[in-house]
Amino acid sequence: MSQLKDIVWLRTSPKTDYVFKIKFTDTELQTTEINEHTGKTWIFKYPYYMSDVRTDDFDSTMVGKDTKGEFILRLSNGKVHIVRILGVSKDSLTVVFELRKGFIGGDTIMKFEREE
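Now for a description of the structure that goes with this document. Since the model is a prediction, treat every value here as computed from it, not as a measurement.

About the criteria used
Counting restarts for each chain, with residues numbered from 1 along the sequence as it is written. For a predicted model such as this one, the threshold for reporting local features is a pLDDT of at least 70, and the threshold for listing and counting side-chain atom pairs is 80 or more; totals across whole chains, interfaces and linings nevertheless cover every residue. Heavy atoms throughout the structure, all of them, feed into the side-chain values; hydrogens and water do not. What counts as a helix is a DSSP run of H or I of at least four residues, what counts as a strand is a run of E of at least two, and both are numbered from the N terminus. Any pair of nitrogen or oxygen atoms within 3.5 Å is treated as a polar contact; in protein, a donor-acceptor pairing is required on top of that, and neighbouring residues in sequence qualify only through side-chain atoms on both sides. Here the term buried applies to any residue with accessible area under 20% of the maximum for its type, exposed to any over 50%, and partly exposed to those in between, with areas from a 1.4 Å probe on protein chains only. In this description, strands pair whenever DSSP reports at least two bridges between them. Lines fitted to the C-alpha atoms define the axes, with helices restricted to the stretch that makes contact. Angles between their N-to-C directions range from 0 to 180 degrees. Nonpolar cores were defined as sets of buried Ala, Val, Leu, Ile, Met, Phe, Trp, Tyr and Cys residues, with membership established by side-chain atoms within 4.5 Å. Whether two residues are in contact is decided by their heavy atoms: any pair within 4.5 Å suffices.

1. Re the side chain of Lys21
Right, on to step 1. Considering the arrangement of structural elements, one finds Lys21 in strand β2 (residues 18-24).
Right, on to step 2. Among the polar contacts made by the side chain of Lys21, one reaches the side chain of Glu115 at a distance of 3.0 Å.

This is how it looks when you write it as structure tokens:
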């Protein structure tokens, strides 16, 4: 967790018309999306925790407590989203947003760089 927390991570891949940033606090995964054409900005905050176990159940009592693990479990609109950490270093983060049952699309690998 110490490698992720309080750092703004800027998505570098895949490229879209949006600037996409994430930041981890002790209890929230914050995302910022900025439309490059209009400048419109959206900020979302999700409760999350880290886990060594991939699960479909979100245990809200673990928010702010589990600070290690391969999986980031976040809650959005009552649904659990699973983000698996593929690699992390001081300056880069690679994750896969796993497709969940009832969602459209497929798993998405995202690469981020530390924003200075």
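Still to come is the rest of the account.
2. Quick look at the pairing of strand β7 (residues 92-98)
Right, on to step 1. Among the 7 residues in β7, 6 count as buried, and that is most of the element.
Right, on to step 2. Inspection of the sheet shows strand β6 (residues 79-88) paired to β7 by 6 bridges, in the antiparallel sense. Across the sheet, the residue bridging to Arg84 is Val96, located in β7.
Right, on to step 3. Taken together, β6 and the strand that follows it, β7, pair antiparallel across an intervening segment of 3 residues.
Right, on to step 4. In the sheet, β7 pairs with strand β8 (residues 108-114) via 6 bridges, with the strands oriented antiparallel. Counted as the bridge partner of Leu93 is Phe112 from β8.

3. Some remarks on the sheet that holds β7
Right, on to step 1. One closed barrel accounts for 8 strands, arranged β1-β2-β3-β4-β5-β6-β7-β8; its pairing is antiparallel. This sheet shows a mean twist of 35 degrees between the axes of neighbouring strands, independent of strand direction.
Right, on to step 2. Of the strand pairs in this sheet, strand β3 (residues 28-35) and strand β4 (residues 41-51) are connected by 7 bridges, and their pairing is antiparallel. Along β4, the bridge assignment pairs Leu29 with Tyr46.

4. Side note on the nonpolar core
Right, on to step 1. Among the nonpolar cores identified, the biggest contains 17 residues, and Phe24 and Leu93 are the most heavily contacted of them.
Right, on to step 2. Secondary structure elements with two or more residues in this core: β2, β4, β6, β7 and β8.
Right, on to step 3. With residues near it in sequence (within four places) discarded, Leu93 still touches Leu4, Trp9, Ile22, Phe24, Ile85, Gly87, Val88, Met110, Lys111 and Phe112.
Right, on to step 4. Tyr49, Phe71, Leu73 and Val80 belong to the second-largest nonpolar core, a separate cluster that totals 7 residues.

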